[in-house]
Amino acid sequence: MFHQGSTDSNQTGLNRIGESTAREGNAPRFKNWFWGYFRNLQNQGFRRVKKPRKKKKKIDMEVLDLKHQTMETFLRWAAEIGISDSVDSPRFRDSCLGHSLSVADFPDAGGRGLGAVRELKKGELVLKVPKNALMTTESIIAKDRKLNDAVNIHGSLSSTQILSVCLLYEMGKGKSSFWYPYLVHLPRDYDLLATFGEFEKQALQVEDAVWATEKAIAKCQSEWKEVGLLMKELELKSKFRSFQAWLWASATISSRTLHVPWDSAGCLCPVGDLFNYDAPGDDSNTSEGPESANDVEEAGLVVETHSERLTDGGFEEDFNAYCLYARRNYQLGEQVLLCYGTYTNLELLEHYGFMLEENSNDKVFIPLETSLFSLASSWPKDSLYIHQDGKPSFALVSTLRLWLIPQSQRDKSVMRLVYAGSQLSVKNEILVMKWISEKCGSVLRDLPTSVPEDTLLLHNIDKLQDPELRLEQKETEAFGSEDAEHMEVVCAVEATLQENSCRLHLLL
Ligand SMILES: C[S@@+](CC[C@H](N)C(=O)[O-])C[C@H]1O[C@@H](n2cnc3c(N)ncnc32)[C@H](O)[C@@H]1O
């Protein structure tokens with residue numbers, strides 16, 4: 001659904017959001033800690049766990065005068081341009097919502113989102129956004145000759161780079177932008193990997209997560225350099241040309257665009273981008289054993305079709321509109337969610353800036369011997385992983401079965417059993433499980449912190465970040481008695497917060 005590709009636990013308490021607030025653009029408190037990544041290993045008795053953290057990075061888009069822009073104003077504007085949550089949209093409505101949906105706050109499942117204002121049936125149309133309301137490169141440049149001409153001579157830039165520049169250009173227009181009522185309600189800060197600083201990156205601890213962060217930051221920087229000339233030609237104000245502004249724009253595009261068939265960058269969809277994320281069906285990881293069809297799919301032996309899962313909506317030529325449908329039945333007050341795609345927690349963090357505590361699509365990669373990799377050459381490297389519930393993937397368990405028998409016994413009949421996902425012998429199976437258990441144990445032991453340490457640290461960092469919960473003197477003293485490493489991290493967080501507030505002052 002959302003272009004880059006559930007928690008149903010907290011779907012009660014539909015609190016209508018009326019006024020815009022400084023932080024309404026995003027969940028007030030995202031669980032952006034990566035420790036969930038290894039939590040299930042810990043649940044199986046492993047002691048050590050990764051503990052990352054994420055500071056808030058404010059990207060100040062001060063051009064927006066938020067004072068007079070309430071959610072009501074936005075929803076009225078949306079109704080005027082034809083956005084509607086009902087099939088038969090009446091011509092005069094003071095809100096595009098109210099028939100099926102309402103904007104509400106879901107603190108534990110995405111923050112601002114859309115709730116059901118009545119019972120909704122699976123497959124029912126819940127939102128229609130006409131093409132003219134969508135922000136695409138095409139629709140933005142169609143309204144601006146100068147932008148159109150400039151964009152057309154920069155054909156080497158990717159469609160995502162172009163859309164990001166168009167977004168910043170539109171932001172630069174302020175109130176004169178057609179989409180101003182929508183733009184003012186975009187989040188002002190994001191937590192995607194590309195926005196991570198050195199401290200946050202190191203806190204991830206796990207090698208592939210640190211590497212993914214470095215890659216995301218490097219990509220963002222090089223893409224920003226590449227668009228420098230275009231932004232200059234467009235005479236964007238320097239604050240819109242800054243790397244901070246670029247981070248903001250590319251995070252907006254990454255986390256909010258919906259797929260459209262005519263532009264690989266997708267579209268920004270007013271109101272439609274208020275749906276929070278629901279992971280695709282829990283069916284992907286509930287199989288009984290590695291012999292199941294799902295495990296075979298994971299191993300890349302069967303091409304998985306997601307068509308059933310991703311049926312929440314899309315652009316429909318017949319309606320000339322983006323149409324979004326209920327993916328299941330909803331009760332009054334429940335949060336209505338969309339599936340943006342199938343993601344691990346690291347991928348969710350990279351593309352959307354959040355992760356799920358329970359994510360059946362999550363994967364943990366453990367270091368493997370080179371000889372094991374060469375034995376697994378018929379499977380993609382990324383199929384050798386451990387599920388969030390601790391179960392090894394089909395490819396991993398099959399390769400280990402083979403690897404842990406003497407080379408002389410690896411004949412055709414054994415290979416056939418391995419590829420069919422069958423056990424070779426009880427002895428071999430015990431060896432496999434023992435090997436995995438010891439490997440995971442050693443990975444976890446090598447990490448600097450444990451879950452309880454992480455939990456305590458996160459709790460204290462939360463307090464430091466929340467002005468309303470500022471640490472009282474007594475608690476500060478309590479820190480003094482904790483170990484030096486903990487204190488060091490708290491100091492680093494304080495320094496980061498300090499640095500951020502200085503940066504904000506400079507911008508203002
Ligand atoms: C398309 S927007 C959804 C609306 C968003 N909550 C808002 O206020 O604009 C996607 C963003 O919402 C947040 N989000 C969506 N689903 C979430 C979930 N299940 N848990 C936590 N955050 C979520 C993430 O910040 C994500 O980048």
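Keep in mind the model is a prediction, meaning the values are calculated, not measured.

**Q** When you look at the overall build of the protein chain in this model, what are you seeing that I'm missing?
**A** Each helix and strand counted, the protein chain has 20 helices and twelve strands in total. Looking at the protein chain residue by residue over its 508 residues, the buried ones come to 44%.

**Q** What exactly am I supposed to notice about the sheet that holds strand β9 (residues 321-325) here?
**A** As a general point, the strands of a sheet are linked pairwise by backbone hydrogen bonds and lie either parallel or antiparallel. Judged by pairing direction, the sheet is antiparallel, and its three strands sit side by side in the order β4-β9-β8 without closing on themselves. Strand pairing shows two members of the sheet lacking a second neighbour, β4 (125-130) and β8 (313-316), which therefore form its edges. Sheet twist, expressed as the average angle between the axes of neighbouring strands with direction ignored, equals 20 degrees. Pairing geometry for β4 and β9, over five bridges, is antiparallel. Each bridged residue has a counterpart across the sheet, and for Val 129 the counterpart in β9 is Tyr 322.

**Q** Could you clarify how one ought to interpret helix α8 (residues 207-226) in this entry?
**A** For an α-helix the count is 3.6 residues per turn, leaving residues at separations of three or four pointing the same way. Its 20 residues place the ends of α8 29 Å apart at the C-alpha level, agreeing with the 28 Å of an ideal helix rising 1.5 Å per residue. All of the buried residues in α8 are Ala 209, Thr 213, Ala 216, Cys 220 and Trp 224. Down the axis of α8, the sector holding all buried residues measures 65 degrees, keeping them to one side. Every exposed residue of α8 that faces more than 90 degrees away from the buried side is listed here: Glu 207, Trp 211, Ala 218, Ser 222 and Lys 225.

**Q** Would you mind going over the nonpolar core with me for this structure?
**A** When a protein is soluble and globular, its nonpolar side chains tend to lie buried together. Grouped together as the largest cluster of nonpolar side chains are 93 residues, with contacts concentrated most on Val 129 and Val 336. Top element by residues in this core is helix α5 (residues 159-172). It accounts for eight residues. Excluding anything up to four places from it in sequence, Val 336 contacts Leu 101, Leu 114, Gly 115, Ala 116, Leu 120, Val 126, Phe 275, Ala 326 and Tyr 330. Core analysis: the second largest hydrophobic core is formed by 16 residues, Leu 402, Trp 403, Val 443 and Leu 444 among them.

**Q** Before we go on, may I ask you to explain the pairing of strand β5 (residues 257-260) in this structure?
**A** By the bridge criterion, three bridges tie β5 to strand β6 (residues 263-268) in an arrangement that is antiparallel. When the bridges of β6 are listed, Thr 257 appears paired with Leu 268. The turn joining β5 and β6, which pair antiparallel and follow one another in sequence, is formed by two residues.

**Q** For this particular structure, what's the right way to read unusual backbone geometry?
**A** One can expect most non-glycine residues to show negative phi and most peptide bonds to be in trans. At Gln 205, a residue that is not glycine, the phi angle is positive and equals roughly 65 degrees. Mapped onto the fold, Gln 205 is located in the loop between α7 (198-204) and α8. With 21 C-beta atoms counted inside 10 Å, the residue Gln 205 sits in the buried group. Of note, the phi angle at Asn 320 is positive, near 50 degrees, even though the residue is not glycine. Within the element layout of this structure, Asn 320 appears in the loop between β8 and β9.

Conventions used here
Residues numbered from 1 in each chain as written. Predicted model: local features only at pLDDT ≥ 70, side-chain atom pairs only at ≥ 80, totals over all residues. Helix = DSSP H or I, 4+ residues; strand = E, 2+ residues; numbered from the N terminus. Buried ≥ 20, exposed ≤ 12 C-beta atoms within 10 Å, placed from the backbone. Pairing = 2+ DSSP bridges. Axes fitted to C-alpha atoms, helices over the stretch in contact; angles between N-to-C directions. Expected span 1.5 Å × (residues − 1). Arc of directions from axis to C-beta. Core = buried A, V, L, I, M, F, W, Y, C linked by C-beta atoms within 7 Å. Contact = placed C-beta atoms within 7 Å.

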